[in-house]
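Per-entry structural report
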Protein chains: 2
Amino acid sequence: MKKMVLIFTLILILALACKQNTDKAQVKDALHEKATAIFGSLDPVAENLNNPITDAKVILGQALFFDKRLSKEQNISCNSCHNLNTYGVDNMKTSPGDDGTLGDRNSPTVLNAAFHIAQFWDGRAHDVEEQAGGPVLNPVEMAMPNEKIVVERLTKVSGYKEMFAKAFPDEKDPINYSNMTKAIGAFERKLITPSKFDNFLNGDLQALSEEEKSGLQTFMDKGCITCHSGPLLGGTMFQKFGLFGNYWEYTQSKTVDEGKFKVSGVESDKYVFKVPSLRNIEKTYPYFHDGSINDLHESISVMGKTQLNQDINSEDLDKIAVFLKALTGEVPEAYTKAPEISM
Amino acid sequence: MKKMVLIFTLILILALACKQNTDKAQVKDALHEKATAIFGSLDPVAENLNNPITDAKVILGQALFFDKRLSKEQNISCNSCHNLNTYGVDNMKTSPGDDGTLGDRNSPTVLNAAFHIAQFWDGRAHDVEEQAGGPVLNPVEMAMPNEKIVVERLTKVSGYKEMFAKAFPDEKDPINYSNMTKAIGAFERKLITPSKFDNFLNGDLQALSEEEKSGLQTFMDKGCITCHSGPLLGGTMFQKFGLFGNYWEYTQSKTVDEGKFKVSGVESDKYVFKVPSLRNIEKTYPYFHDGSINDLHESISVMGKTQLNQDINSEDLDKIAVFLKALTGEVPEAYTKAPEISM
């Protein structure tokens, strides 16, 4: 009799387990279905066919990312503005360069940046590799005078000789500027931060609380998804900041930035910026291209007015903010500090 | 005395002329100001640095555009689907190829197409030059077996020998597939159709009627400009068709087209299409990637529902339609027929 009970119990457990699996496989939840249609799913790594990711390249890129030798007076590294201990940003309106001069635009997070259609707020670099070469030579950023001097400095570090050789094994003179940007790019391609929202997208309907689901629904219903779609909730298009009214009248920005127009010279590119990703948005304040707004609720409210011609009420602002906080992920611990290199 | 009257009259005319100029220069109309901020202004020609436009190239491109030799059984030319006498379209849901088989997607207009960020509904060609090479070899379109046979056919036409030589004067063997696409591209770069809306944008506030202005205001207020911005009122981005609901439930489309996903394989590209330009939209029915809707009002209504989560009322639909009709321009007469070429 005991045996029968045991067998019966086992069958019951098995049946329940099976049912749970079936439930997961046959998820037919309207919210989930809509969300996957809009956001797809986040890839674990952002590959680049022109710059295959290898462990040797990533560790070199990580070393370079944290290396202050890449700035003229050796005051700052990539990590100074894109701090991996604080979600890839420095939480400042705009960032001080090597000599302390502040830049023009808010430093965007490097997290998940490799998936963006283009780099910088105005999209002037095609990918993270091209981006990585910019700030090093920018006079108000790392301020190195030219590529040659960067390469000379790197060549003097004995550890880099070995690391570049390992990262670019087929090359005779692997230490060059282009390879530096490739290594940093390869490292950045690993900086992907899945969150509980991804568990939800992948079929775990319990991964989000009822409040977060309600926020997700509100986020979609209000039309935020018109621009903030795809796995990054952004990063897929350019948009005019201020479709309804001048943005600076809402943000109280101190200067008016013409955005993509500065690069293209095309009239209709005035005040056009890349739509930023909303991943880790809770942590990557202050907001917008000039860091003019500190508060998440306020920035959602500004977006409602300038982009959707809507006054989003405070209840809905709360809901959306709750959802956005579910987009906070984790930077892999191993990537948050400089690796050891021989001097 | 007569002399005095004459001088006085001249001064008066001059003063009036000056005043008119000042009025134009100091246009400070809120609607006009907002419209120019959103739409910029239309360039007269879409230049391509890699394919400089010359008269010789344009006339060759025009000849090729109308030449049925570019299809296997010589039944169709570019102009068959992109008819320049009917605003660069054939007004069919989808177009018959060389053997009468219908294609999958609605033939988009070639007018102003050179300004689009990418070509085809899914953006798979970078520019009009790359696009021009596609249909010639597509089995359900012009169905030529390969580039070599196209070039052989062109080489047999004595007029083309001279025209290609003139269009590509520095080349030894100018008749090749790549030059064919360049010539067609150069021709298409001339197919720009300014309308009275451009007179308005350029400062003539009387160029639009009160009804058209009211429609423009409604078009902007409803949020159509989120996607339909820039000088083409579209053509600057990709967007999911059906941000709010499945598009095919509104269009009654017979098949479900996955759009850009077919090219990229990326989940969040499902049902994503290039946002079409609204220039000449009155004349380029039927609408959408599959030509599933014939009526302009109905297609605006569908857009409201699927893209803006709004039921646009019939009064506003009328207003928007009135404005859209002000986007109808003219194809320069000289470009609407095949130029003469020696056989």
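Residues numbered from 1 in each chain as written. Chains lettered and ligands numbered in written order. Predicted model: local features only at pLDDT ≥ 70, side-chain atom pairs only at ≥ 80, totals over all residues. Heavy atoms only, no water.

**Some words on the interface of chain B and chain A**
Put simply, the rule reads: A contact between two residues is defined here by any heavy atoms of the two lying within 4.5 Å. When two components associate, each loses some accessible surface as probed by a 1.4 Å sphere; the sum of these losses over both components is called the buried area. Salt bridges are counted wherever a side-chain nitrogen of Lys or Arg sits within 4 Å of a carboxyl oxygen of Asp or Glu. Think of a polar contact as two N or O atoms within 3.5 Å of one another; within protein, one of them needs to be a possible hydrogen donor and the other a possible acceptor, and neighboring residues in sequence only count if both atoms come from side chains.
Contact with chain B, which involves 23 residues of that partner, is made by 23 residues of chain A. Taken together, both faces of the contact between chain B and chain A bury some 1700 Å²; the carbon and sulfur share is 61%. Considering only the surface of chain B that becomes buried against chain A, T226, L243 and F244 of chain B emerge as the three largest contributors, covering 28% of it. Linking chain B to chain A there are zero salt bridges. In this structure, the connection of chain B to chain A is made through eight residue pairs in polar contact (both at pLDDT 80 or more).

**Quick notes on the relation of the copies chain B and chain A**
Our working rule: The atoms used to superpose the copies are C-alpha atoms, taken from residues with pLDDT of at least 70 in both, and the fit is least squares.
Between chain B and chain A, which share one sequence, the superposing operator has a rotation angle of 180° and an axial displacement of 0.0 Å; the RMSD is 0.0 Å. Such a combination of turn and shift is consistent with a two-fold rotation axis. Across chain B, the smallest distance between a C-alpha and the rotation axis is recorded for M237 of chain B, namely 3.4 Å. With an isologous cut-off of 70% or more, the 100% of interface residues of chain B that recur at the interface of chain A puts this contact in the isologous class.

**As for helix 6 (residues 147-155) of chain B**
Each α-helix winds once per 3.6 residues, and so residues spaced three or four apart point in a common direction. Residue and element names in this part refer to chain B. Operational definition: Each residue is placed in one exposure class: buried if its accessible area under a 1.4 Å probe, protein chains only, is under 20% of its type's maximum, exposed if it is over 50%, and partly exposed if it falls in between. Numbering of helices and strands starts at the N terminus; helices are DSSP runs of H or I of at least 4 residues and strands are runs of E of at least 2. Think of it as the arc spanned by the lines of direction from the helix axis to the C-beta atoms.
All buried positions along helix 6 are accounted for by V150, V151, R153 and L154. One side of helix 6 holds all its buried residues, which, seen down the axis, span an arc of 160°. Turning to helix 6, the residues buried within the fold contact helix 3 (55-65), helix 5 (128-137), helix 7 (158-167) and helix 8 (177-188).

**Notes on the packing of aromatic side chains**
All names here are of chain A. We apply this condition: When two rings of Phe, Tyr or Trp (its six-membered ring) have centres within 6.5 Å they constitute a pair, described as stacked for plane angles under 30 degrees, edge-to-face for angles over 60, and tilted for the intermediate range.
On inspection of all chains with the given rule, the structure shows 34 aromatic pairs over all chains. Taken together, a centroid distance of 6.5 Å and an interplanar angle of 85° make the contact between W121 and F273 edge-to-face. Linking W121 in the loop between helix 4 (78-81) and helix 5 (128-137) with F273 in strand 2 (residues 272-274), this pair joins segments that are 152 residues apart in sequence. Among the residues examined, W121 registers a relative accessible area of 11% and is labelled buried. Summarising the aromatic geometry, the rings of F219 and F323 are spaced 5.3 Å apart at their centres and angled 50° between planes, so their arrangement reads as tilted. You can see F219 sitting in helix 10 (residues 210-221) and its partner F323 sitting in helix 14 (residues 314-325), a full 104 residues away along the chain. No difference in accessibility class separates F219 from F323, as the two residues are buried.

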